[in-house]
Amino acid sequence: MAAHLMGFGRYAPERIITNDDWAARVDTSDEWITQRTGIKRRRFADDDESTMTMAVAAAEHALKDADLVAGDIDEIIVATDTPEMMTPDTAALVQHQLGCGNIPTYDLGGSGCAGFVQALDVAKARITVAPKTVLVIGVELISRMISLDDRATAVLFGDAAGAVVAGPSAARAEVLEVISGTDGAHAEILTLAAGGTRNPFNSGSLESGDYNRLVMDGRKVFVEAVRRMSEASVEVLDRIGKTTSDVALVIPHQANKRIIDAVRKQLGLADERVYVNVHEYGNTGSATVPFALSEAVDEGRIGPGDLVLLTAFGAGFHWAAAAIQF
Ligand code: ACO
């Protein structure tokens, strides 16, 4: 039983935060952020929004795009590092809000920006075992979880959600192959440790500022992201007997433009074959790939017959790539 993508959806909050807005708050500039990252703007959720509400908005868009209703969904996977609460999982709240009935749901948490493509890997396996319709969501509300006074990390991120409906119906696109990998030896290079059992939220973590400190070695992350996304891309294409010259469009994780350009060069691709929206939305973690996929479909950048490559890298380190035949 093959797994297909039947609908695509996305949601971004209305509130736009420009680089100049950041420069008014911390010691940074539009020039620094643009040169190092390519980011010009990002969206931040309003107070009445949450991880769940953004996930639901993207899911409703994907369901409409698939011409399905909530009752057609058999399972929900939510990839997020910024869940609604510690327990229960965001997916349970999304299920209830959408009105899906008592279907199984689960979060895939902690994979950082690779979470959505990893979740797609799980969804493909679930559909292959027994035909079912799986809602796969990538969502982050990062602006509420990290320090907005730390210029080294805060300016990189934005809030958003993206979703696909995956299932047995061959109407639009087949998920030909997905690969995932993990190297758990590098947690300290990119981590938000507070809130877990090693460093629980308490007055100590509040006083030290650890409670929302995202620790990141940007240069090491950069090098690993380029290497892993490039290698995973080649590997997933190799598995289906294709090369990068067969690919119509690559949708890479949108961490920053320099990382995307380096991956593009590694893969030997022209600019127009790589989708980029990081200048508009910043790094929205596990939402970047499904958000960009939905946008690319709506913009007509993807058409019937196109082979589309997804590739992502995140904390852990985790990485994943998928080959989608439209
Ligand atoms: N504005 C101005 N200066 C800043 C800012 C800022 N917002 N942030 C850091 N700096 C300063 C630092 O304090 C440091 O100053 P110093 O040299 O006086 O100590 C200097 O800029 C750092 O410069 P570089 O190390 O040369 O910066 P670099 O060129 O490595 O760019 C960046 C930093 C953008 C973080 C880059 O390393 C990067 O993009 N790495 C990838 C990180 C990433 O994408 N993380 C997202 C999560 S993981 C993922 O999505 C894959």
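Just so it is clear, the structure is predicted and the values come from calculations on it, not from any experiment. (Residues numbered from 1 in each chain as written. Predicted model: local features only at pLDDT ≥ 70, side-chain atom pairs only at ≥ 80, totals over all residues. Heavy atoms only, no water.)

Thoughts on the overall build of the protein
Where we set the bar: Strands here mean DSSP runs of E at least two residues long; helices mean DSSP runs of H or I at least four residues long; both are numbered from the N terminus. Note on classification: 1.4 Å probe, protein chains only; a residue is buried when its accessible area is under 20% of the maximum for its type, exposed when over 50%, partly exposed between these limits. Contacts between residues were defined by any pair of non-hydrogen atoms, one from each residue, lying within 4.5 Å. Here the accessible surface of atoms and residues is derived via Shrake-Rupley with a 1.4 Å probe, and residues count as covered only by protein chains that are part of the display. When charges are counted, neither His nor the chain ends are considered; positive counts come from Lys and Arg and negative counts from Asp and Glu. To locate a charge, take NZ of a lysine, CZ of an arginine, CG of an aspartate or CD of a glutamate.
Scanning the protein for helices and strands turns up 11 helices and 13 strands. Principal axes of the C-alpha set define a box for the protein whose edges measure 55 × 45 × 35 Å. Across the 326 residues in the protein, those meeting the buried criterion constitute 55%. Taking as baseline every contact in the protein between residues at least 6 positions apart, the subset at least 24 positions apart corresponds to 77%. In the structure as shown, the protein presents an accessible area of about 13,500 Å², 49% of it carried by carbon and sulfur atoms. Of the charged side chains in the protein, 29 are positive and 45 negative; the average position of the first set lies 5 Å away from that of the second.

Describing the site of the ligand
For the record, the criterion: Each residue is tested against the molecule or strand, and it is near if at least one of its non-hydrogen atoms lies within 4 Å. Any N or O atom pair separated by 3.5 Å or less is treated as a polar contact, with the protein-specific requirement of one donor-capable and one acceptor-capable atom, and with residues adjacent in sequence counted only for side-chain atom pairs.
In the vicinity of the ligand, 23 residues are found, and the nearest of them are Thr 28, Arg 219, His 253, Asn 256 and Asn 283. One nitrogen or oxygen atom from the side chain of His 253 is found 2.8 Å from an oxygen atom belonging to the ligand. Here an oxygen atom of the ligand and a side-chain polar atom of Asn 283 are 2.9 Å apart. For the ligand, whose free accessible area comes to 1,000 Å², the fraction covered by protein is 74%.

A look at the domain arrangement of the protein
To keep things clear, this is the line we draw: Domain extents, as shown, originate in an automatic or database domain assignment. Put simply, buried area is the surface a 1.4 Å probe can reach on two separate parts but cannot reach once they are joined, added for both. What makes a salt bridge here is a side-chain nitrogen of Lys or Arg within 4 Å of a carboxyl oxygen of Asp or Glu, nothing more.
Splitting the protein by domain gives domain 1 (3–172) and domain 2 (176–325). Counting residues at the interface gives 51 residues for domain 1 and 47 residues for domain 2. In total, domain 1 and domain 2 occlude about 3,600 Å² of area from one another, counting both sides; carbon and sulfur atoms represent 62% of this. When the area that domain 1 buries against domain 2 is broken down by residue, the three leading residues are Arg 10, Cys 113 and Val 117, summing to 18%. The interface formed by domain 1 and domain 2 holds two salt bridges in total. Across the salt bridge formed by Arg 41 and Glu 280, the nearest N and O atoms sit 2.8 Å from each other.

Considering the side chain of Thr 51
In this fold, Thr 51 is placed in helix H3 (residues 51–65). Residue Thr 51 is classed as buried on the basis of its relative accessible area, which comes to 4%. Setting aside chain neighbours within four positions, we find Thr 51 in contact with Thr 80, Thr 82, Pro 83, Glu 84, Thr 90, Val 139 and Leu 141.

Considering the layout of surface pockets
What counts, and what does not: Using only the protein atoms, space was sampled on a 1 Å grid; points where a 1.4 Å probe fits but cannot get out form cavities, open sets with protein on both sides within 12 Å along at least five of seven lines form pockets, and lining residues are those with an atom within 4 Å of a point. Grid points are joined across faces, edges and corners, and a volume is the space filled by probe spheres set on the points. Amino acids are sorted into nonpolar (Ala, Val, Leu, Ile, Met, Phe, Trp, Tyr, Cys and Pro), charged (Asp, Glu, Lys and Arg) and polar (every other residue, Gly among them).
Approximately 160 Å³ is the volume found for the second largest pocket. Listed by contribution, the elements that provide at least two residues to the lining of the second largest pocket are strand E2 (15–18) and helix H1 (19–23). By residue class, the composition of the lining of the second largest pocket is five nonpolar, one polar and five charged.

Some thoughts on unusual backbone geometry
Backbone geometry follows two general trends: most residues other than glycine have a negative phi, and most peptide bonds adopt the trans configuration. Look at the link from Thr 87 to Pro 88: it is a cis peptide, with omega at 5°. You can see Pro 88 is positioned in the loop between strand E4 (75–79) and helix H4 (90–98). The phi dihedral of Asp 67 falls on the positive side, at around 60°, and the residue is not glycine. One can find Asp 67 in the loop between H3 and E4.

Some remarks on the nonpolar core
Threshold: Residues enter a nonpolar core if they are buried and are Ala, Val, Leu, Ile, Met, Phe, Trp, Tyr or Cys, with the set joined through side-chain atoms within 4.5 Å.
Counting residues in hydrophobic clusters, the biggest one holds 42 residues, and the most contacted among them are Trp 22, Val 236, Ile 259, Leu 309 and Phe 313. Among the elements of the structure, helix H8 (218–239), helix H9 (257–266), strand E12 (307–314) and strand E13 (318–325) are those that each provide at least two residues to this core. Ranked by the residues each element gives to this core, the list is headed by H8, at seven residues. Counting only domains with at least three residues in this core, you end up with domain 1 (3–172) and domain 2 (176–325). Ignoring anything within four residues of it in the chain, the contact list for Ile 259 reads Phe 222, Ala 225, Val 226 and Met 229. One finds Ala 3, Val 117, Leu 120 and Ile 324 within the second-largest nonpolar core, a separate group that totals 35 residues.

Examining a nonpolar patch on the surface
Note the following rule: Patches draw on residues past 30% relative accessible area with no salt bridge. Two like charges within 9 Å are joined, as are two nonpolar side chains (Val, Leu, Ile, Met, Phe, Trp, Tyr) within 5 Å.
Where nonpolar side chains cluster on the molecular surface, the patch consists of Phe 201, Leu 206 and Tyr 211 and spans about 320 Å² of accessible area. Inspection of the secondary structure puts Tyr 211 in the loop between helix H7 (203–208) and strand E10 (215–216). Using a relative accessible area of 33% as the deciding quantity, one classes Tyr 211 as partly exposed.

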